[in-house]
Amino acid sequence: SGNEILYKKVSEPKFRTLLPGFDADYMPVDCKDDALFFVTNEGASNYALKRIELNAPAKVATVIPEDGKNLLEGVSTAETPQVSSYTDTYFTMGILSRVQYDYDGKLVRTVELPAIGTVGGFGGEREDTELYYTLTNYTSPATVYKYDIASGASTLYKAPEVKFDPSQFTTEQVFYTSKDGTK
């Protein structure tokens with residue numbers, strides 16, 4: 001796989017190559033202050049968030065470095081911070097870790113989720129001050145939560161009506177070491 005990114009200023013007649021070649025994947029996330037933020041696997045098999053200056057394309061900086069253990073599955077923006085999602089490779093349930101950074105790559109907080117489970121959402125527009133996400137697991141159906149970007153607080157937004165009480169059940173994650181020493 002792979003792609004390349006071309007761009008042009010409104011005043012220019014032709015496109016210029018910004019991120020050349022088809023040896024890596026480039027996924028644009030946001031453009032802010034004449035810089036393009038993008039997720040890539042170039043030199044980062046688990047992906048990283050990088051910034052390239054549009055007026056000086058030789059200036060590429062890593063904003064969120066590659067995690068040696070976990071895959072960076074996506075980055076979304078809203079208000080100022082960026083919310084990044086990592087899949088922990090040990091979790092077979094697709095459990096995600098959400099981490100909030102600012103545009104300089106400074107960790108703002110790890111998003112505390114209400115339960116263990118699979119998370120979806122967290123997308124938004126730059127002017128948004130809150131995001132919505134769903135969380136589901138083996139003992140409760142998809143439930144929608146509202147996330148306040150400034151405080152980092154999650155609150156229940158909408159829970160489906162079901163004919164059982166999900167709070168009467170627990171979801172636990174247990175690890176065992178196999179004969180070859182892996183978990």
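Residues numbered from 1 in each chain as written. Predicted model: local features only at pLDDT ≥ 70, side-chain atom pairs only at ≥ 80, totals over all residues. Heavy atoms only, no water.

(A) Spotlight on the packing of aromatic side chains. One pass over the structure, following the stated rule, counts 7 aromatic pairs. Summarising the aromatic geometry, the rings of phenylalanine 122 and tyrosine 147 are spaced 5.7 Å apart at their centres and angled 65° between planes, so their arrangement reads as edge-to-face. Remark: tyrosine 147 occurs in strand β13 (residues 140-148) and phenylalanine 122 occurs in the loop between β11 (118-121) and β12 (130-137); sequence separation between them is 25 residues. For tyrosine 147, a relative accessible area of 0% puts it in the buried group. Between tyrosine 132 and tyrosine 157, the ring centres sit 4.9 Å apart and the planes meet at 70°, which makes this aromatic pair edge-to-face. One end of the pair, tyrosine 132, is in strand β12; the other, tyrosine 157, is in strand β14 (residues 154-158), and 25 residues separate them in sequence. Tyrosine 132 gets classed as partly exposed once you look at its relative accessible area, which sits at 34%. Each member of the aromatic cluster is reached from another via a ring pair, and the members are Phe122, Tyr133, Tyr145 and Tyr147. (Phe/Tyr/Trp six-rings, centres within 6.5 Å; stacked < 30°, edge-to-face > 60°. Helix = DSSP H or I, 4+ residues; strand = E, 2+ residues; numbered from the N terminus. Buried < 20%, exposed > 50% of the residue type's maximum accessible area, 1.4 Å probe, protein only.)

(B) Up close: the nonpolar core. Residues Ala35, Phe37, Val39, Tyr47, Leu49, Val63, Ile64, Leu72, Val75, Val99, Tyr101 and Tyr103 constitute the largest nonpolar core, which totals 12 residues. With 3 residues, the single largest contributor to this core is strand β4 (residues 35-40). (Core = buried A, V, L, I, M, F, W, Y, C linked by side-chain atoms within 4.5 Å.)

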